[in-house]
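# Notes for the structure review
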Amino acid sequence: MRILLVGAGGFIGRHLHAALRAAGHQVLASARRPDPAAPGDWCRLDLAELARDSQAFAWPEGIELVINAAGLLSTDRVQLQQVQRRGACALFERAAAHGARVLQISALGAEQGADTDFLASKAAADHYLLGLGIPAVVLRPSLVLGSGAASSRWLQSLSPWPLIPLLDNRARLQPLHVDDLCGAVLALLQRWPEQPCSLALVGPEAMTLGQLLDRLRAAQGWGPGRYRELPRALTGLGAALGERFGWRALNRQTLKLARRDNLATPEPLAGACGYRCLPLEARLHDWPSSAADSVRLALQPLLLALLVVIWLGTALVCLGPGFDWGLRILAEAGITGGPARLAVTGGALSDALLGIGLLLPCWRRRALQAQILLMLGYTALITWLLPHYWLDPFQGIGKNLVLLPVSLWLLWLQPAHARSRP
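Values in this document were obtained by computation on a predicted structure and should not be read as measured data.

Parameters and conventions
Residues numbered from 1 in each chain as written. Predicted model: local features only at pLDDT ≥ 70, side-chain atom pairs only at ≥ 80, totals over all residues. Heavy atoms only, no water. Axes fitted to C-alpha atoms, helices over the stretch in contact; angles between N-to-C directions. Helix = DSSP H or I, 4+ residues; strand = E, 2+ residues; numbered from the N terminus. Parallel < 35°, antiparallel > 145°, perpendicular 65-115°, else oblique. Left-handed = near helix turned anticlockwise from the far one by under 90°. Contact = heavy atoms within 4.5 Å. Nonpolar A, V, L, I, M, F, W, Y, C, P; charged D, E, K, R; others polar. Core = buried A, V, L, I, M, F, W, Y, C linked by side-chain atoms within 4.5 Å. Buried < 20%, exposed > 50% of the residue type's maximum accessible area, 1.4 Å probe, protein only. Salt bridge = Lys/Arg side-chain N within 4 Å of Asp/Glu carboxyl O. 1 Å grid on protein atoms, 1.4 Å probe; cavity = no way out; pocket = protein on both sides within 12 Å on 5 of 7 lines; lining within 4 Å. Points joined across faces, edges and corners; volume = space filled by probe spheres on them.

At a minimum axis separation of 10 Å, helix 1 (residues 11–22) and helix 6 (residues 178–190) run at an interaxial angle of 50°. Between helix 1 and helix 6, the angle falls in the class oblique. Viewed along their axes, helix 1 and helix 6 form a crossing whose handedness is right-handed. Every residue of helix 6 that contacts helix 1 at Phe11, Ile12, His15, Leu16, Ala19 and Leu20 is listed here: Val178, Leu181, Cys182, Val185, Leu186 and Leu189. Considered class by class, the residues forming the contact of helix 1 with helix 6 number eleven nonpolar, one polar and no charged.

To continue, consider the nonpolar core. Formed by 36 residues in total, the largest nonpolar core has its most connected members in Leu16, Ile67, Leu103 and Leu139. Here the element with the most residues in this core is helix 6; it accounts for eight residues. In this view, leucine 16 contacts Leu5, Ile67, Ala69, Leu181, Cys182 and Val185; residues no more than four positions away in its chain are not counted.

Further remarks concern the pattern of salt bridges. Summed over the entire model, instances satisfying the criterion amount to twelve salt bridges. We note a salt bridge from aspartate 117 to arginine 77, for which the minimum N-O separation is 3.8 Å. Taken as a pair, aspartate 117 in helix 4 (residues 117–130) and arginine 77 in helix 3 (residues 77–97) lie far apart in primary sequence, 40 residues in all. Take arginine 77: its relative accessible area is 55%, and that puts it in the exposed class. Close ionic contact of arginine 276 with glutamate 267 constitutes a salt bridge, the shortest N to O distance being 2.7 Å. The class of glutamate 267 is partly exposed, set by a relative accessible area of 41%. When salt bridges that share partners are traced, they join Glu111, Asp126 and Arg140 into one network.

Before going further, it helps to spend a moment on the packing of helix 11 (residues 291–319) against helix 13 (residues 337–359). Across the interface, helix 11 lies against helix 13 with an axial gap of 8 Å and an inter-helix angle of 155°. As summarised for this structure, helix 11 and helix 13 are arranged roughly antiparallel, according to the angle between their axes. In this structure, helix 11 meets helix 13 at a crossing whose hand is left-handed. Across the interface between the two elements, Leu304, Leu307, Val308, Trp311, Leu312, Thr314, Ala315, Cys318 and Leu319 from helix 11 touch Val344, Thr345, Ala348, Leu349, Asp351, Ala352, Leu354, Gly355, Ile356, Leu358 and Leu359 from helix 13. Grouping the amino acids of the contact of helix 11 with helix 13 by side-chain chemistry returns 16 nonpolar, three polar and one charged.

The calculated volume of the second largest pocket comes to roughly 1,300 Å³. Every residue lining the second largest pocket is counted, 36 residues in all, and those nearest its centre are Thr314, Cys318, Ile329, Asp351 and Tyr378. Secondary structure elements with two or more residues in the lining of the second largest pocket: helix 11, helix 12 (323–332), helix 13, helix 14 (364–385) and helix 15 (400–413). Residues belonging to the lining of the second largest pocket are distributed by class as follows: 23 nonpolar, ten polar and three charged.

Any functional reading would require information beyond the geometric quantities listed.
Written out as structure tokens, the structure is:
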């Protein structure tokens, strides 16, 4: 079968691409920015552009099935509506015009009346597709786990801690491994439903987030964890900050989703194509890959938080009670008056910008690069002009010997997509 796979560069899309090709299908993969080194045939398709101009994409010949695996876990309502609703609907119209079937990878809970922008935009596209009167299936998976998923990375980073803070440990979900999602898609291609329909794709066991983390801990050789729900006032503040700074793991949307059950029966899918997901324990063979990787992921946000506190704290001290102290240090180097005041103020503001930059995922790599250069320059100048500060018992300069390798390590850990941003 000749298949157009939309969103093939994402977590689910990458796994589907490999599974479809291994099953012998001819796959034309698409992404906003195709990787020229990726295997198979690729083309460029941006659903945001398609939402603005339905003819922006030249339809390939011979496409029998369109699989839409594109999605955004974003807090930007306009972007979600543009990509997940209008762009997806334009894609479905083009598929219908060319006689192609459509398989939409949606999300469990994407029903009419959904109260989060992510689910509401998915639900609108699902409803539109099922009303076109073409052979179509909407597949609504629960939380999909596996190597390369942002949510899986976050869960893996939580798993090593002796006491694990959670947004909620009462709501239940039915997670599944990405291999089961691929298995369900392949089964649907073998036994396509006679009528357009939506099907839930869920694991066989309902569990809390703590119980899910216990499965991950067991796969890494650890015993059950200890869990504490964070105070609602604290999580509300964190969600507001996450909304402001673009955190995907914590914002008002993810907080709302974390506090309610997300359950469904697997029977309709089993009846439609005969597929049932395996228990999660049976799939945890390649992820989490090792306890050492989990520890590394756990340390990353902790060290980032430490750097944020250091840079913002330094800025506040320099602009406040440490201002005169900064002037005295510059006076020792022969800098006084207006230039000295400008240097202390400018340095403090630079520190504040670095701290804020570390909070913003889109600027984090640049902020880490800038702080490494700043620390190197600062250390070189102090060594040249005021070398006796190396003998300071509080080691104001010596701390850079620790912060520099920490910053370099965090820079190296930045995701590949962040590294390639201009």
